[in-house]
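# A structural walkthrough
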Amino acid sequence: MLDDFGYIAIFLIFAAALPVSMMLLPWMLTQVGIKPHRPNKVKNDTYECGMPTIGGSWVRFNFRYYFYALLFVVFDVTVVFIFPWAVQIRELAWTGLTAMLVFITILSVGLVYAWRKKALEWR
């Protein structure tokens, strides 16, 4: 039993160390002098696709883009949960079927709610 938790502890250590090292490495390379730090106006200027921006860079962005992205993530995560369940359906028996039906029902109620509120219509 301790061996299983040891693997989880090693995984958690690497999961925490990787992002921290990716944040600290550029800073350390700048301090040592390997990575130069010479900011200027041209480097800090806002651009898109190599073209200078027209107007201000703080433009109001339509919320619907974010909403559709969130809906995609929700239903993408649904697939991530349904696939392992479908692979192990025989071992899970009625308990697994009941749990998945509850899960799908909750998501369906959310989808119907968004649909009724006309959140899925592009105006």
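This report concerns the structure included in the present document. (Residues numbered from 1 in each chain as written. Predicted model: local features only at pLDDT ≥ 70, side-chain atom pairs only at ≥ 80, totals over all residues. Heavy atoms only, no water.)

### Here we look at the overall build of the protein chain
For clarity, the threshold we go by: Where helices and strands are cited, they refer to DSSP runs of H or I of at least four residues and of E of at least two residues respectively, numbered from the N terminus. Throughout, radius of gyration means the C-alpha value; the globule benchmark is 2.2 Å times the number of residues raised to the power 0.38. In this scheme, a residue with accessible area under 20% of its type's maximum is buried, one over 50% is exposed, and one in between is partly exposed, where area comes from a 1.4 Å probe on protein chains only. Residues are treated as being in contact if the distance between any of their heavy atoms lies within 4.5 Å. Values of accessible area rely on a 1.4 Å probe in the Shrake-Rupley scheme; residue burial ignores everything except the protein chains shown. When charges are tallied, Lys and Arg are placed among the positive residues and Asp and Glu among the negative ones, while His and the ends of the chain are skipped. Just so you know, the charge point we use is NZ for Lys, CZ for Arg, CG for Asp and CD for Glu.
Assigned secondary structure in the protein chain consists of 4 helices and 2 strands. For the protein chain, the C-alpha radius of gyration of 24 Å lies well beyond 14 Å, the compact-globule estimate for 123 residues. Overall, the C-alpha framework of the protein chain stretches about 65 × 55 × 20 Å when taken along its three principal axes. Buried positions account for 6% of the 123 residues belonging to the protein chain. A separation threshold of at least 6 residues defines the contact pool for the protein chain, and within that pool the share at least 24 residues apart is 50%. Only carbon and sulfur atoms are counted for the fraction: they give 72% of the accessible area of the protein chain, which is about 11700 Å². For the protein chain, the centre of its 11 positive side-chain charges and the centre of its 7 negative side-chain charges are spaced 17 Å apart.

### Things to note about unusual backbone geometry
In the Ramachandran plot, alanine 93 falls in the positive-phi region, its phi being about 55° despite a non-glycine side chain. With respect to the element layout, alanine 93 can be found in helix H4 (residues 89–116). Alanine 93 sits in the partly exposed class, given a relative accessible area of 40%.

### Some details on the packing of aromatic side chains
Here the distance between the centres and the angle between the planes together describe a pair of aromatic rings. Rules: Here is the rule: rings of Phe, Tyr and Trp (six-membered ring for Trp) pair when centre to centre is within 6.5 Å. Planes less than 30 degrees apart are stacked, more than 60 are edge-to-face, and the remainder are tilted.
Applying the stated rule across the entire model yields 1 aromatic pair. When the ring of phenylalanine 81 is compared with that of phenylalanine 103, the centres are 5.6 Å apart and the planes differ by 75°; the resulting orientation is edge-to-face. Residue phenylalanine 81 is located in helix H3 (residues 63–87), and its partner phenylalanine 103 is located in helix H4; the two are separated by 22 residues in the primary sequence.

### A word on H3
We apply this condition: Helix span is expected to be 1.5 Å times the residue number reduced by one.
For H3, which comprises 25 residues, the first-to-last C-alpha distance of 37 Å matches the rise-based estimate of 36 Å (1.5 Å per residue) to within 8%. Three or more residues of H3 are buried, namely Leu71, Thr78 and Trp85. On the buried face of H3, the contacting elements are H4.

### Notes on a nonpolar patch on the surface
Put simply, the rule reads: By definition, no residue in a patch forms a salt bridge, and every one has over 30% relative accessible area; like charges are joined within 9 Å, nonpolar side chains (Val, Leu, Ile, Met, Phe, Trp, Tyr) within 5 Å. For salt bridges, the criterion is a side-chain nitrogen of Lys or Arg within 4 Å of an Asp or Glu carboxyl oxygen.
On the surface, Val20, Met23, Leu24, Leu25, Trp27 and Met28 cluster together into a nonpolar patch covering about 620 Å² of accessible area. Tracing the backbone through its elements, the reader meets methionine 23 in helix H1 (residues 2–32).

### Notes on the environment of isoleucine 54
Examined against the element boundaries, isoleucine 54 turns out to sit in the loop between strand S2 (51–52) and H3. Once the C-alpha coordinates of isoleucine 54 and glycine 96 are considered, the two residues, 42 residues apart in sequence, prove to be 55 Å apart.

### Some thoughts on the environment of threonine 30
Looking at the element boundaries, threonine 30 is found in helix H1. When near neighbours in sequence (up to four residues on either side) are disregarded, threonine 30 contacts Lys35 and His37.

### Examining H4
How we decide: Fitting axes to the seven residues that end at a residue and to the seven that start at it, the angle between those axes gives the bend at that residue.
Helix length check: H4, at 28 residues, gives a terminal C-alpha distance of 33 Å against a target of 40 Å (1.5 Å per residue), a shortfall beyond 12%. The largest bend along H4 measures about 70° and falls at threonine 95. All of the buried residues along H4 are Gly96, Met100, Leu107 and Ala114. Packed against the buried residues of H4 are H3. Positive backbone phi, approximately 60°, marks lysine 118, located one or two places after H4.

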